[in-house]
Amino acid sequence: MLKDLKFLHIILLLLLGATNVIAQEQEFSLIPISGLEGRIETQFSFSEGTTPLWLNANKYGMSSLESNNAHIRIKAERKIDNDSARQWGIGYAADVAMANHLASHLIIQQLFAKIRYRKTSVTFGQKEETLNLKPHDLSTGSQTLGINARPIPGIRIALDDYVDFMHGWMGIKGHFFYGMQTDGSFQKKHETEQYTDHILVHHKAGFLRFGKKDQPLTIEAGLEMATQFGGTTYKSDGTVESNDKSLLAFVKAIYGGTSDVESGNYHSSLGNMLGSILLRVNYDRPSFAVSAYADHLFEDNSQLVLIDYDGYGEGEEWEKKKRQRYLLYPLKDLLAGVECRIKNFNPLNRIVIEYICTRNQSGPIYHDHTPVIPDHIGGMDNYMNHGIYGSWSHWGQINGNPLYRAPLYDGHALKTTNNRFKAWHFGIAGNPTNELSYRLLATWQKGWGTYDNPFTYMQRNFSMLAEAEYNLNSIVKGITVKGAFALDRGSILGDNTGAQLSIIWNGILCK
């Protein structure tokens with residue numbers, strides 16, 4: 001609690017300092033509390049078995065697998081869009097929850113100050129960010145930087161919107177982030193083999209847009225990358241190891257400098273590094289819009305560039321390059337989706353279809369060449385898992401796509417036990433009336449476990465969600481009621497049936 005109060009004090013000081021700077025600008029007079037919004041949400045979940053997938057996943061970690069759970073969440077936020085017409089802008093939020101049967105009883109979900117000058121912004125604290133190049137509420141989520149786990153506190157520099165050049169035919173946006181995970185106590189409680197505390201995190205993304213925004217056809221392409229590094233590792237035999245958190249480690253986390261002790265003699269990247277290559281093609285017409293998108297995950301060079309050097313020597317020369325020989329990897333692992341928006345038919349205005357395959361992982365052959373085996377085949381990538389940092393997760397939830405079974409399902413080890421799978425996913429949404437909106441999700445999945453610990457037999461799973469939201473403004477101003485029903489059927493997640501009820505108030509605290 002003391003650490004949380006200190007963190008809040010720092011945020012408030014930064015916020016006050018930013019306000020003083022902005023107030024000095026002569027173009028306008030900014031009142032930093034104008035447009036302040038409030039939100040109070042009470043949510044109850046009831047399930048037979050664990051909480052079904054789509055009542056738990058992609059909620060920024062504000063969820064639980066416990067059969068019965070509830071929380072009350074209070075948020076005050078000033079959106080930076082209030083200053084969209086100005087060169088300077090400031091936004092901030094305090095978002096806390098009291099919870100029952102979640103990972104902790106008191107949750108500081110968001111606490112941040114965001115300062116923008118023109119299109120460049122700096123965010124201090126922890127903030128929920130949206131998906132890149134995917135529909136936020138109908139997609140299964142991103143492979144690398146998803147919306148499934150609790151946000152990580154840190155500093156984020158970003159171009160949130162595309163900055164145009166070449167007379168508007170191209171645009172660029174992206175972000176750069178350093179932060180620290182807050183789940184050390186959670187890991188200590190749940191990890192039986194080893195756990196890591198004060199894990200440092202770096203992630204970044206960059207995207208290019210080709211085509212003018214007012215043209216029917218545009219193409220967006222980019223890269224997301226993330227690295228876990230630093231921290232202290234507590235092993236099951238009682239030994240404690242301090243991982244590299246020097247200034248040089250912060251630099252290596254950007255590009256993947258070698259020094260990971262997990263790989264012994266092999267020249268692996270520092271810490272747990274992974275990323276995705278993303279692509280989206282948009283075709284927009286007055287009555288409809290269609291977009292096709294792809295998200296290709298990589299854990300190392302074998303899936304990043306799909307080519308590897310394979311000309312090493314033998315024996316004492318096993319690390320020397322002796323001949324010109326290369327190995328090509330097939331592009332088999334991919335999240336591919338299509339989004340269709342129907343602009344003149346509100347009862348059904350959006351449709352999403354996704355296909356996901358993660359089964360290959362550069363193949364089932366050994367991790368690297370050795371003095372005995374000269375062939376370099378960088379297979380068995382073991383997506384989302386890592387020998388030192390457990391997995392790319394935060395508070396037991398995968399930071400990427402939730403179809404990688406969350407460590408929370410197993411409880412004793414912070415790793416995903418199903419990272420080789422194929423899945424089909426469908427989502428639809430609409431607004432039959434001005435007050436009523438809905439969404440339906442359905443996901444079919446086949447899983448093979450991991451290469452190290454495969455399932456004895458291929459396992460299946462079906463998950464669905466039916467959710468409706470009704471605005472009661474005509475009866476009680478600012479009140480929205482949301483209800484959801486979901487289920488899982490199969491051996492990957494088990495047979496679970498659940499319902500969720502949310503009562504939400506939204507209002508303006510300061511005009």
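Residues numbered from 1 in each chain as written. Predicted model: local features only at pLDDT ≥ 70, side-chain atom pairs only at ≥ 80, totals over all residues. Heavy atoms only, no water.

Draft legend 1. Representation of the overall build of the protein. The number of helices and strands found in the protein is five helices and 27 strands. At 24 Å, the protein has a C-alpha radius of gyration in line with the 24 Å of a compact globule built from 511 residues. Counting across all 511 residues of the protein, residues that qualify as buried make up 50%. Residue pairs in contact within the protein that sit at least 24 positions apart in sequence constitute 62% of those at least 6 positions apart. Positive and negative side-chain charges of the protein, numbering 50 and 52 respectively, have mean locations separated by a distance of 5 Å. (Helix = DSSP H or I, 4+ residues; strand = E, 2+ residues; numbered from the N terminus. Rg over C-alpha atoms; globule rule 2.2 N^0.38 Å. Buried < 20%, exposed > 50% of the residue type's maximum accessible area, 1.4 Å probe, protein only. Contact = heavy atoms within 4.5 Å. Lys, Arg positive; Asp, Glu negative; His and termini not counted. Charge placed at Lys NZ, Arg CZ, Asp CG, Glu CD.)

Draft legend 2. Molecular detail of the packing of aromatic side chains. Considering all chains together, one arrives at 13 aromatic pairs under this definition. Ring centres of Tyr309 and Tyr312 lie 5.1 Å apart, and the angle between their planes is 90°; this geometry places the pair in the edge-to-face category. Of the two residues examined, Tyr309 and Tyr312, each falls in the buried class. Summarising the aromatic geometry, the rings of Tyr355 and Trp424 are spaced 5.0 Å apart at their centres and angled 45° between planes, so their arrangement reads as tilted. Here Tyr355 is found in strand β18 (residues 350–357), whereas its partner Trp424 is found in strand β23 (residues 421–430), with 69 residues between them in sequence. Put simply, the rings of Phe176, Tyr178, Phe229 and Phe250 touch in pairs and so form one group of aromatic residues. (Phe/Tyr/Trp six-rings, centres within 6.5 Å; stacked < 30°, edge-to-face > 60°.)

Draft legend 3. Molecular detail of the pairing of strand β24 (residues 436–449). In this sheet, β24 lies alongside β23 in antiparallel orientation, the contact comprising ten bridges. Note that in β24 the partner of Ala429 across the bridge is Arg439. In textbook terms, the turn of a hairpin is the stretch between consecutive antiparallel strands, and for β23 and β24 this stretch comprises five residues. As paired elements, β24 and strand β25 (residues 454–471) share 13 bridges and run antiparallel to each other. Pairing of Leu440 across the sheet is with Ala466, part of β25. Count of turn residues in the β24/β25 antiparallel hairpin: four residues. (Pairing = 2+ DSSP bridges.)

Draft legend 4. The pattern of salt bridges, seen in detail. Applying the stated criterion across every chain yields a total of 23 salt bridges. When the shortest N-O distance is used, the salt bridge between Arg73 and Asp95 registers 2.7 Å. Highlighted residues: Arg73 in strand β2 (residues 68–78) and Asp95 in strand β3 (residues 88–100), separated in sequence by 22 residues. A residue is classified by how much of its surface remains accessible, and Arg73, at 14% relative accessible area, is buried. Through salt bridges that share partners, Lys114, Lys127, Glu129, Arg156 and Asp160 make up one connected network. (Salt bridge = Lys/Arg side-chain N within 4 Å of Asp/Glu carboxyl O.)

Draft legend 5. Region of the structure containing the environment of Thr120. In this fold, Thr120 is placed in strand β5 (residues 120–126). Sequence separation of Thr120 and Trp88 is 32 residues, and the distance between their C-alpha atoms is 9.7 Å. When sequence neighbours within four positions are dropped, the list of residues in contact with Thr120 reads Ile115, Ala158 and Leu159.

Draft legend 6. Looking closely at the sheet that holds strand β11 (residues 232–235). On the basis of which strands lie adjacent, the open sheet formed by three strands has the order β8-β11-β12 and antiparallel pairing. Edge positions in the sheet fall to β8 (194–197) and β12 (240–242), since each has one partner strand and no second. When the angles between neighbouring strand axes are averaged without regard to direction, this sheet yields 20°. Two elements, β8 and β11, share four bridges in a ladder whose sense is antiparallel. Within the sheet, the bridge partner assigned to Thr196 lies in β11 and is Thr233. (Axes fitted to C-alpha atoms, helices over the stretch in contact; angles between N-to-C directions.)

Draft legend 7. View of unusual backbone geometry. Even without a glycine there, the phi angle at Leu306 is positive, about 60°. Checked against the element boundaries, Leu306 lands in the loop between α5 (301–304) and β15 (307–309). Given the relative accessible area of 21%, Leu306 is considered partly exposed. A positive phi angle, near 50°, is found at Met380, a position not held by glycine. Along the chain, the position of Met380 falls in the loop between β18 and β19 (385–386). Exposure remark for Met380: the relative accessible area of 26% places this residue in the partly exposed category.

Draft legend 8. Structural detail: the side chain of Thr144. Position of Thr144 relative to the elements: it lies in the loop between β5 and β6 (154–165). Not counting the four nearest positions on each side in its chain, Thr144 is found in contact with Glu224, Ala226, Leu274, Gly275, Ser276, Leu297, Trp392, Asn399 and Gly400.

Draft legend 9. A look at the pairing of strand β14 (residues 288–298). Taken across its eleven residues, β14 has eight buried, putting it largely inside the fold. Connecting strand β13 (residues 272–284) to the antiparallel partner β14 that follows it, the hairpin turn spans three residues.

Draft legend 10. Layout of the side chain of Gln109. Checked against the element boundaries, Gln109 lands in strand β4 (residues 106–117). Given a relative accessible area of 0%, Gln109 falls into the buried group. Among the polar contacts listed, one links the side chain of Gln109 to the side chain of Glu128, at a separation of 3.0 Å. If near-sequence neighbours (up to four positions away) are discounted, Gln109 is found in contact with Tyr60, Met62, Arg73, Asp95, Gln126, Glu128, Arg150 and Pro151. (Polar contact = N/O pair within 3.5 Å; in protein donor to acceptor, adjacent residues only side chain to side chain.)

Draft legend 11. Here's a closer look at helix α4 (residues 247–255). Along α4, the positions that sit buried rather than exposed are Ala249, Lys252 and Ala253. Looking straight down α4, one finds that the buried residues subtend no more than 110° of arc, so they occupy a single side. Residues of α4 that are exposed and point more than 90 degrees away from the buried face comprise Leu247 and Tyr255. Among the structural elements, β9 (200–210), β10 (217–229) and β13 are those in contact with the buried residues of α4. Count one or two residues on from α4 and you reach Gly256, which has phi positive near 85°. (Arc of directions from axis to C-beta.)

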